[in-house]
Amino acid sequence: MFGDEKYGIYRYVDAARLVQTEFQPRTNELQNLQNRLNALANEIQTLMKSSVVDQKTVQAKQAEGERLQLDFNTKKDKLDEDVSRRYQQVVTPVSKQIGVALDQFARQRGVTMTLDISKLLPAILTALPAVDMTAAFIADFNSKNPRTGPPPRQ
């Protein structure tokens, strides 16, 4: 719930969005490469189904597909590495701040255990809504740690 755009922790949402926005051009480039690969695969399938198959054309398109796939894999691996490193730089400090604040919030209210349901899945937990203090914590954290910039446009 912390990462919910509308009801989550603003600083966390803003930090995650900053990383996403920073890498959007490269993400778009990868999507374009994937689209080209899909189109090329469809072309090859169409060529293979035709009654007159030009093997040189098919082989050239397959070679192009292999080059594109290699380029895609290389760029994706580099992007994943860069996003992970940047996420650690931008989001991890906010996550640590949230952890400290959550511990303090729980201690002040006599809570002896907090559960992160996202880490417990697929376990099924049931609890009375009255014991779920997530929304109260988010409201408390956001009031003490307001956004540093304007809210994002929807």
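This text goes with the structure placed above it.
The rules behind the values
Within every chain, residues take consecutive numbers counted from 1 along the sequence as written. In keeping with the predicted nature of the model, local features appear solely for residues at pLDDT of at least 70, side-chain atom pairs appear and are counted solely at 80 or more, and the whole-chain, interface and lining totals rest on all residues. Remark: hydrogens and water are excluded; side-chain values derive from all non-hydrogen atoms of the structure. Numbering goes from the N terminus for both helices and strands, where a helix is a DSSP run of H or I of at least four residues and a strand is a run of E of at least two. Buried, partly exposed and exposed residues are distinguished by accessible area as a fraction of the type maximum, computed with a 1.4 Å probe on protein chains only: under 20%, between the cut-offs, and over 50%, respectively. Residues are treated as being in contact if the distance between any of their heavy atoms lies within 4.5 Å. Per-residue and other accessible areas were derived by the Shrake-Rupley procedure at a 1.4 Å probe size, with only the shown protein chains allowed to occlude residues. His residues and chain termini do not enter the charge count, which takes Lys and Arg as positive and Asp and Glu as negative. By convention, the charge on Lys lies at NZ, on Arg at CZ, on Asp at CG and on Glu at CD. We call Phe, Tyr and Trp rings a pair once their centres come within 6.5 Å, taking the six-membered ring for Trp, and we label the pair stacked below 30 degrees between planes, edge-to-face above 60, and tilted otherwise. For this document, the term salt bridge refers to a Lys or Arg side-chain nitrogen within 4 Å of an Asp or Glu carboxyl oxygen. Counting of polar contacts relies on pairs of N or O atoms within 3.5 Å, with two restrictions inside protein: one atom must be capable of donating a hydrogen and the other of accepting it, and residues adjacent in sequence are counted only when both atoms are side-chain atoms.

Chemist: Outline the overall build of the protein, listing residues and values.
Modeler: If you tally the helices and strands in the protein, you get 5 helices and 0 strands. In the protein, the succession of helices and strands from N to C terminus is α-α-α-α-α. Overall size of the protein, expressed as C-alpha extent along the three principal axes, is 75 × 35 × 25 Å. Scored against the burial criterion, the 154 residues of the protein give a buried share of 21%. Within the protein, counting contacts between residues at least 6 apart in sequence, those at least 24 apart form 76% of the total. Accessible surface, the protein: about 11300 Å² in total, of which carbon and sulfur atoms supply 56%. The positive charge centre, built from 21 side chains, and the negative charge centre, built from 18, are 4 Å apart in the protein.

Chemist: Provide a residue-level description of the packing of aromatic side chains, including the pertinent values.
Modeler: For any pair of aromatic rings, the description rests on two quantities: the centre-to-centre distance and the angle between the ring planes. On inspection of all chains with the given rule, the structure shows 3 aromatic pairs. A centroid spacing of 5.7 Å and a plane angle of 45° characterise the contact between Phe2 and Phe137, whose relative ring orientation is tilted. Residue Phe2 is found in the segment before helix H1 (10–22), and its partner Phe137 is found in helix H5 (residues 134–144); the two are separated by 135 residues along the sequence. A relative accessible area of 25% means that Phe2 is categorised as partly exposed. Here Phe137 falls in the buried class, since its relative accessible area comes to 2%. Taking the centre distance of 5.9 Å and the plane angle of 45° together, the rings of Phe137 and Phe141 count as tilted. Remark: Phe141 and Phe137 occur in helix H5; sequence separation between them is 4 residues, near one turn of the helix. What makes Phe141 buried here is its relative accessible area of 2%.

Chemist: Which residues make up the pattern of salt bridges, and what values do they have?
Modeler: One pass over the full model with this rule turns up 12 salt bridges. A salt bridge links Lys75 to Glu29, with the nearest nitrogen and oxygen atoms 2.5 Å apart. A residue pair is termed long-range when its members are at least 10 positions apart, and Lys75 in helix H3 (residues 55–108) and Glu29 in helix H2 (residues 24–49) qualify at 46 residues. A residue is classified by how much of its surface remains accessible, and Lys75, at 28% relative accessible area, is partly exposed. Residue Arg85 pairs with Glu81 through a salt bridge whose shortest N-O separation is 3.9 Å. Here the residue Arg85 and the residue Glu81 both occupy positions in helix H3, the gap between them amounting to 4 residues, near one helical turn. The partly exposed category is assigned to Arg85, whose relative accessible area is 41%. Since its relative accessible area comes to 44%, Glu81 is described here as partly exposed.

Chemist: Which residues make up the side chain of Lys61, and what are the values?
Modeler: Inspection of the secondary structure puts Lys61 in helix H3. Within the structure, the side chain of Lys61 is placed 2.7 Å from the side chain of Glu43, a separation counted as a polar contact. Once residues within four sequence positions are removed from consideration, Lys61 is found in contact with Leu40, Glu43, Ile44 and Leu47.

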